[in-house]
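Residue-level structure breakdown
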Amino acid sequence: MSELKEELKAKLIEQLNLEDFEVSDIEDNDPLFADEGLALDSIDALEIIVLLEKEYGIKLDDPKKGKDIMQSVQTLADFIEKNRK
Amino acid sequence: MDIYIKSSDAISAQLSFEKGLPEYFESGEESFYNCVKPEYKKYISPKLLRRMSPIIRNGVACSLSVLKQAGIEQPDAIVVGTALGCLRDTTSFLTQLIEEKEELPNPTHFIQSTHNTIAGQIALLLKCHNYNFTFSQMHNSFETALLDAQMLILDGKASNVLVGGVDEMSETTYDLIKGLDCYKGTKPGEGAGFFVLSREESVVKFEGVRIINSDKVDFEKELKDMGLELDEVDLVIGGNNQEDEAGYMDFCSVIGNKPYLWYKPFVGEYGTASSFAMWMACKVIEEQKVPECWMKNRIASEKYNKVLIYNKVGNEHSLMLMTKNKV
């Protein structure tokens, strides 16, 4: 699990072009979309949906669940663990 | 009605941004020119910057610089010329489409692959809902934007117009274009040149632009139509790339022995390269001096009050005229 979280952080930095971030700067429970966290926006949410499908083969069927799944690296990793093929 | 150039700036392969005409050249040993990167964070927040490809960064930073110089927060119009638009985003988007078998393209590259992304991003940053237009007319893209800006002011629809030209060059684009006729013997490049055209009086006066699409140009007639007496021209800036380039010989024979500057051997050829020439003209008129390294024929003048710019790529020609305002 901790390996997956580190991998996720690296993929988020690369995919979302988070130039000012290192993997070590992101805590597992940092909010992804709030200013006190990574301050991502709706385009980033789309990027994460694409990343989940491309990298882990997981399709987000119910967009309403997106808010809970994308709260933090921890919630994303939990979702991937439960659903990856 | 007179039109003035209230402010100008250029991001190029030379140290031009926020500066005057450089007195020496940055070495250009690559097969094509890329811009010297300015400190983008001075103009664009890191949050927005991370999603912008180089062409958008250059266009936005250059625009914000000229608006700041002119003391304008909201221009009445934003008009941008770009020949090939956001090539890096387009390349990434198309490559992903092919690699992913037309599934799961990256949304950011898709959103930003359109030509009007730069003008759109400028408007978003300024929260400017005014006239916003992008022209793509290959090597006359900047001139077309300039003509539109001029007409907006002359028609009384705008007092201050942000106008510019921007293009980018990547490895992929270079590989695709290096065999094309129009770029033969030419080092491709990239850059952004932006200006605030205004009704408000300032040092540089914009006299006009002529766009000609033809294999042959009657220069005497064109210059006459611009109301220009050749004797009055103090300086010419030409789009030549090589010594004695055939396409420029006709033009040179008409203008005779005038001080002549060139720039494409030092910033490269790109669709909106003439925006760099217009920035050069503004700087020369403002500073009344020409660094020797830009001179093609080593003829100097005591004054630089009337500057004529000629650009030609294939059958696409343009003439632009700028003068020093009598203030």
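Since we're looking at a predicted model, the values are computed, not measured.

Moving on, we come to the packing of aromatic side chains. Residues and elements named next belong to chain B. Inspection of the entire model under this criterion finds 17 aromatic pairs over all chains. For the pair Phe25 and Trp294, a centre-to-centre distance of 4.8 Å together with 85° between the ring planes defines the contact as edge-to-face. Here the residue Phe25 occupies a position in the loop between strand E1 (3–11) and helix H1 (46–49), and Trp294 occupies one in the loop between helix H11 (274–287) and strand E9 (306–313), the gap between them amounting to 269 residues. Taking relative accessible area as the criterion, Phe25 reaches 26% and is therefore assigned partly exposed. The exposure class assigned to Trp294 is buried, which follows from its relative accessible area of 0%.

In this section: the domain arrangement of chain B. Residues and elements named next belong to chain B. Once the domains are mapped, chain B shows domain 1 (3–198) and domain 2 (204–324). Taken together, the contact between domain 1 and domain 2 spans 48 residues of the former and 42 residues of the latter. Taken together, both faces of the contact between domain 1 and domain 2 bury some 3,600 Å²; the carbon and sulfur share is 64%. Inspection of the region where domain 1 meets domain 2 yields one salt bridge. Here domain 1 is connected to domain 2 by 14 residue pairs in polar contact (both at pLDDT 80 or more). Taken together, the elements giving at least two residues each to the side of domain 1 that touches domain 2 come down to E1, helix H6 (141–154), strand E4 (160–167) and strand E5 (191–198). At seven residues, H6 tops the list of elements feeding residues into the side of domain 1 that touches domain 2.

Turning our attention to the UniProt feature "domain: Carrier" (unreviewed entry) in chain A. With numbering matched to this structure, UniProt assigns "domain: Carrier" (unreviewed entry) to residues 2–84 of chain A. Across residues 2–84 of chain A, helical content stands at 53% and strand content at 0%; the span's end C-alpha atoms are separated by 16 Å.

Looking now at the packing of H6(B) against H11(B). Residues and elements named next belong to chain B. Where H6 contacts H11, the two axes come as close as 8 Å, and the packing angle between them is 60°. In terms of axis orientation, H6 runs oblique to H11. Contact residues: Phe142, Glu143 and Leu146 in H6; Ser274, Ser275 and Met278 in H11. Its residues assigned to classes, the contact of H6 with H11 comprises three nonpolar, two polar and one charged.

Calculation notes
- Residues numbered from 1 in each chain as written.
- Chains lettered and ligands numbered in written order.
- Predicted model: local features only at pLDDT ≥ 70, side-chain atom pairs only at ≥ 80, totals over all residues.
- Heavy atoms only, no water.
- Phe/Tyr/Trp six-rings, centres within 6.5 Å; stacked < 30°, edge-to-face > 60°.
- Helix = DSSP H or I, 4+ residues; strand = E, 2+ residues; numbered from the N terminus.
- Buried < 20%, exposed > 50% of the residue type's maximum accessible area, 1.4 Å probe, protein only.
- Domains from an automatic or database assignment.
- Contact = heavy atoms within 4.5 Å.
- Buried area = accessible area lost by both parts, 1.4 Å probe.
- Salt bridge = Lys/Arg side-chain N within 4 Å of Asp/Glu carboxyl O.
- Polar contact = N/O pair within 3.5 Å; in protein donor to acceptor, adjacent residues only side chain to side chain.
- UniProt positions renumbered as here; feature names shortened; annotations may be inferred.
- Axes fitted to C-alpha atoms, helices over the stretch in contact; angles between N-to-C directions.
- Parallel < 35°, antiparallel > 145°, perpendicular 65-115°, else oblique.
- Nonpolar A, V, L, I, M, F, W, Y, C, P; charged D, E, K, R; others polar.

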